[in-house]
Amino acid sequence: MHIAEGFLPPAHAIGWTLAAAPFVVHGARAVVKEVREHPEATLLLGAAGAFTFVLSAIKLPSITGSSSHPTGTGVGAILFRPPVMALLGTVVLLFQALLLAHGGLTTLGANAFSLAIVGPWVGYGAYRLTRALGGDLLPGVFAGMALADLATYLTTSVQLALAFPDAGSGFTGALVKFLGVFAVTQIPLAIGEGLLGVLLFRVLVTNARPDLERLGVLPVRPAEPEEAR
Amino acid sequence: MSHRTLTAERLVVGFERARPVLDGASLTVPAGGRLAILGANGSGKTTLLRCLSGTLRPAAGRVAVDGVPLEHSRRGLRAHRQEVQLVLQDPDDQLFSASVAQDVSFGPLNLGLPEDAVRTRVAEALTLLSVDHLAGRPTHQLSYGERKRVAIAGAVAMRPCVLLLDEPTAGLDPSAVAEAMAALARLQENDSTVVMSTHDVDLALSWAEEVAVVVDRQVVQGTPDEVLGDDALLVRARLGRPWAMTLGARLQELGLLPGGALPRDAERLLAALPQSPAVRT
Amino acid sequence: MSHRTLTAERLVVGFERARPVLDGASLTVPAGGRLAILGANGSGKTTLLRCLSGTLRPAAGRVAVDGVPLEHSRRGLRAHRQEVQLVLQDPDDQLFSASVAQDVSFGPLNLGLPEDAVRTRVAEALTLLSVDHLAGRPTHQLSYGERKRVAIAGAVAMRPCVLLLDEPTAGLDPSAVAEAMAALARLQENDSTVVMSTHDVDLALSWAEEVAVVVDRQVVQGTPDEVLGDDALLVRARLGRPWAMTLGARLQELGLLPGGALPRDAERLLAALPQSPAVRT
Amino acid sequence: MTGLAVDDAAWASAWRTRSPADKLLLCVGLVGCALALPAWPGSVLVGLTAVVLAVGPARVPARTLGRAIRWPLAFIAVGALTAVVQLGGDGIGWAPDAAARGGSLVGHALAGSAAVLLLATTTPLSDLLPALQRLRVPAAVVEVASVVYRLLFVLLESLRTIREAQTARLGYSTWRRSYRSSGALAAAVLTRSWDRAHRLQEGLAGRGMDTGLRVLPEVLPSSRVFRAATVLGLAALVSASQVIA
Ligand SMILES: Nc1ncnc2c1ncn2[C@@H]1O[C@H](COP(=O)(O)OP(=O)(O)OP(=O)(O)O)[C@@H](O)[C@H]1O
Ligand SMILES: Nc1ncnc2c1ncn2[C@@H]1O[C@H](COP(=O)(O)OP(=O)(O)OP(=O)(O)O)[C@@H](O)[C@H]1O
Ligand SMILES: [Mg+2]
Ligand SMILES: [Mg+2]
């Protein structure tokens, strides 16, 4: 869910930008370090960003009949870790604002906070927790992706409620309103995105095992002896 | 599979803000026959095939099977896809499952067939394309030529009446081309209509029963001799004249080939040449 | 640019867990000449070109320029890349920048040239490939054939002594092939050595001064007449005999073509035919 | 050919050759006005200015603008409506100043979106990335972003063709199958993106990529007249909105 340009009052726009900045700067530092050590990482990171953008162009059929687009922040967090996603996610948000008119420039900070920071961290946390509790890869992916999506939706609702408290019931009332309105699309989407993640990783485990091992998602299997039959 | 006639009538296709790619293009695919579609890069061959397969909805004009116009509704498209299948140029766009057999089973499973029937179809399609030995292999380990044939098998397993192939021989070595053409011949014996697009005029001449050239946003269709013998058309379409025709015509002039239809490929040209040295004046 | 002789000696290349792709392959690129590399799908043409360009390090054997072996150190590779450039088959593997002129400027900038010199080289390379009108266009809006020529321009702007091209004509229509070949001819006039891989035996025969066939993990090299006239070799390499040779040989037998070297393409064959009808017995 | 209408418009715009810095000055100025000025008449003036400049001198097709604004419009409508509805003990009702608040929200947001769209439809994203570097964004980050820009189109094309291939084999005929196909589609595009990155790396290494992805900057000279007109225009806009209000 992207907050449109001009929707947030200036003070809120600035506030969220300041809140997001440290995470994005931290991500940028990580990226700069990575690129300095491995120049070819530029291309892999670019590919990751492009994939995140393109993933949000996949249409997921939702139970409510309409179709919606996944946020893709959960996959990114599991594959590339939240710090890097803070930067890549912000870059993707800038691209979405300028290529698709989704989101905006002054709301970039607020959108980055929910989609590139809270979503990935919560998703990654849920994924790690599930794995730590003995869960397999696929349940972990489901939890990570679904919760990343939900967390994003919660954060955006909080942002909107803070900006537009209800005339009668204040922040709490506004939060209930925004949560309620966007729940129609976002809760089915969260479940849908979790399912998509499971299907996605099921294919990846068979087709792209070496890449998953490189990214540390799967443990590296001992090399099979040459000419193994 | 029974024969069906697939037609396109006065198609207009324009991607945004550009002149239309096709403007009044009409085509009749001969039922049970072999049609080759020729044309320069960017002339609209792929666009035409996408319209015929129902993937792309033309801005105007209609596509019809046996005279019944294709409706771009869910049901209409579903019915159309059981009759007409398109194989894309890049096999990697078509192969997305882990193993070859799984990938080929994708279509039949989506038809809602029981597992047995699916298995039969998969085996049959793999045999037809002579790739049965690859059934258990992961798709990403296959060579380009193998991937290309598996992609065709995936469409064949849908048992379409009309199979459309976008540049099925591009990127293949000569023996792989020969194998692909042999597979298409087997398909046609199995009662399918086969349409392919290609840049190779020689291949088109030797293989096709009919040829369509996409040129200036329209389609010119006819027998290979008519179309590929029309030099003005070939120049407009940025195509070359096939070898066999150029040489055949000259050899006819020299009295070395019997008059009448020109030979269609090297083999037939060689066979038609006189057996003994001529006495030269 | 002066001429340099690029050689590969007894290369061994094996990707993991497989039999070697190349095993003792040797090749000499004739300085200032035109070499065509032929071979079946998966025979190792691309692998050979990648070794020659230094991108791939062979397990054994060496690549040398004028007898000086290539060292796979940072400096060695840097020096090698100023002499030898490889253009990949898929232009999208080479084009990374938003606009055409910027993409072509990448290589010269990496050479550490001043901006003016870079600008000159970019303009020159774009002109040589006749794509100067595309300079300001975004890469992603170009057609396949256009992208292909821009990718070549990116390598040409490095002013290499040897230009290696992996299937430069694949996917192009006949006129685009003719244009690409004309661009390569201009390049060679500009003193470059040009090497290309292709599946098209007819093209190889008409274009190349020397031909190398990758077969059974080795390379067989020679003049087009020698190599493409060797039927046993062609069968082993899963290649066909070129049109011009098959027909030329038969016409020589029939006494219609003068003895000696066979014609290399349709034009030259037609020109060599007698002007008047023969008197047939 | 790309499927991203805004990007196509930007490359074809009459303002394509203007300096990105000039356009940034104008559009950021307009966005600022959209936020800071009162909705009536500030937002209306900003919105009108942006649209008139886009379809007028910048020659952006009105259709592209209209289509692009649809998505933010949907969000703005739902968001504004929710904001001005009041949750009371006795259920849902309009907040006391619903019309004014709603109007102001919609006004600001539409004007802001129009101003950003003016930038987006006249300036290819790739022209803006070098400007980021001047804002002290590290070069490595700008390079990653420029690779994102290029690969985006390559991957969107793959996405489209693979989806078409799946649809042709009835991969989206039911809800369940749609999910399975979408999963396979995402996986195929992801593995494609890795493949591309590896091969692109090899292709670029051949052209001497040692340090970064440096390319020759395009010279798009800044115009004094344009800048002066921008400053004057923005000043006029601010004072006009003060006078009318
Ligand atoms: N990176 C790689 N890892 C493993 N195997 C590889 C790799 N690259 C190539 N191969 C294998 O090496 C062999 C030769 O491949 P190569 O691409 O050189 O063939 P080619 O002659 O260029 O074929 P084509 O005509 O299809 O382009 C093939 O069997 C291929 O599967
Ligand atoms: N999705 C699209 N959006 C915009 N333009 C497109 C799209 N697809 C194709 N085109 C344009 O339509 C024209 C025809 O393209 P098409 O792919 O049908 O040509 P083709 O004859 O198949 O070419 P080739 O021989 O290179 O495969 C081209 O100019 C192309 O740029
Ligand atoms: Mg095509
Ligand atoms: Mg190859």
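What you see is a predicted model, and the numbers here were worked out from it, not measured in a lab.

S.K.: So what's going on with unusual backbone geometry? Residues and values would help.
M.R.: All names here are of chain D. Residue Pro41 is bonded to the preceding Trp40 through a cis peptide linkage, with omega at 0°. Looking at the element boundaries, Pro41 is found in helix H3 (residues 39-55). The backbone of Leu170 sits at a positive phi, close to 65°, despite the residue not being glycine. Checked against the element boundaries, Leu170 lands in the loop between helix H8 (139-168) and helix H9 (175-205). Overall, the relative accessible area of 4% leaves Leu170 in the buried class.

S.K.: Break down helix H10 (residues 243-253) of chain B for me, with residues and values.
M.R.: Residues separated by three or four positions in an α-helix point in the same direction, a consequence of the helix having 3.6 residues per turn. Counting buried residues in H10 of chain B gives eight out of eleven residues, a clear majority hidden from the surface. Turning to H10 of chain B, its buried residues number three or more, namely Trp243, Ala244, Met245, Thr246, Leu247, Gly248, Arg250 and Leu251 of chain B. On its buried face, H10 of chain B is in contact with helix H7 (201-207), helix H8 (224-228) and helix H11 (266-272) of chain B together with helix H7 (201-207), helix H10 (243-253) and helix H11 (266-272) of chain C. One or two steps after H10 of chain B, the chain reaches Gly255 of chain B, where phi turns positive at roughly 75°.

S.K.: Account for the interface of chain A and chain D, naming residues and giving values.
M.R.: In this complex, chain A contributes 73 residues to the contact, which on the side of chain D involves 72 residues. Around 6,200 Å² of area is buried between chain A and chain D when both sides are counted, 82% of it from carbon and sulfur atoms. Remark: the boundary between chain A and chain D carries zero salt bridges. Between the two partners, chain A and chain D, sit three residue pairs in polar contact (both at pLDDT 80 or more). Counting residues per element, the ones that place at least two in the side of chain A that touches chain D are helix H1 (10-37), helix H2 (41-55), strand E1 (60-61), helix H3 (73-80), helix H4 (82-100), helix H7 (170-207) and helix H8 (209-214) of chain A. In terms of residue count, H7 of chain A provides more of the side of chain A that touches chain D than any other element does, 13 residues in total. Here the residues of the side of chain A that touches chain D are counted per class, giving 53 nonpolar, 13 polar and seven charged.

S.K.: Residues and numbers for the pairing of strand E6 (residues 84-87) of chain B, please.
M.R.: Residue and element names in this part refer to chain B. Going residue by residue along E6, you find Val84 and Leu86 tucked away on one face and Gln85 and Val87 tucked away on the opposite face as well. By the bridge criterion, four bridges tie E6 to strand E7 (residues 162-166) in an arrangement that is parallel. Counted as the bridge partner of Val84 is Val162 from E7.

S.K.: Tell me what's going on with the site of ligand 2, and back it up with residues and numbers.
M.R.: Close to ligand 2 lie 13 residues, the nearest being Asn41, Gly42, Lys45, Thr46 and Thr47 of chain B. Chains contributing residues near ligand 2 are chains B and D. In this structure, an oxygen atom belonging to ligand 2 sits 3.3 Å away from a main-chain N or O atom of Ser43 of chain B. Between Gly44 of chain B and ligand 2, the recorded distance is 2.9 Å, taken from a backbone N or O atom to an oxygen atom. Across the shell around ligand 2, the residue classes break down as four nonpolar, seven polar and two charged.

Calculation rules
- Residues numbered from 1 in each chain as written.
- Chains lettered and ligands numbered in written order.
- Predicted model: local features only at pLDDT ≥ 70, side-chain atom pairs only at ≥ 80, totals over all residues.
- Heavy atoms only, no water.
- Helix = DSSP H or I, 4+ residues; strand = E, 2+ residues; numbered from the N terminus.
- Buried < 20%, exposed > 50% of the residue type's maximum accessible area, 1.4 Å probe, protein only.
- Contact = heavy atoms within 4.5 Å.
- Buried area = accessible area lost by both parts, 1.4 Å probe.
- Salt bridge = Lys/Arg side-chain N within 4 Å of Asp/Glu carboxyl O.
- Polar contact = N/O pair within 3.5 Å; in protein donor to acceptor, adjacent residues only side chain to side chain.
- Nonpolar A, V, L, I, M, F, W, Y, C, P; charged D, E, K, R; others polar.
- Pairing = 2+ DSSP bridges.
- Near = heavy atom within 4 Å.

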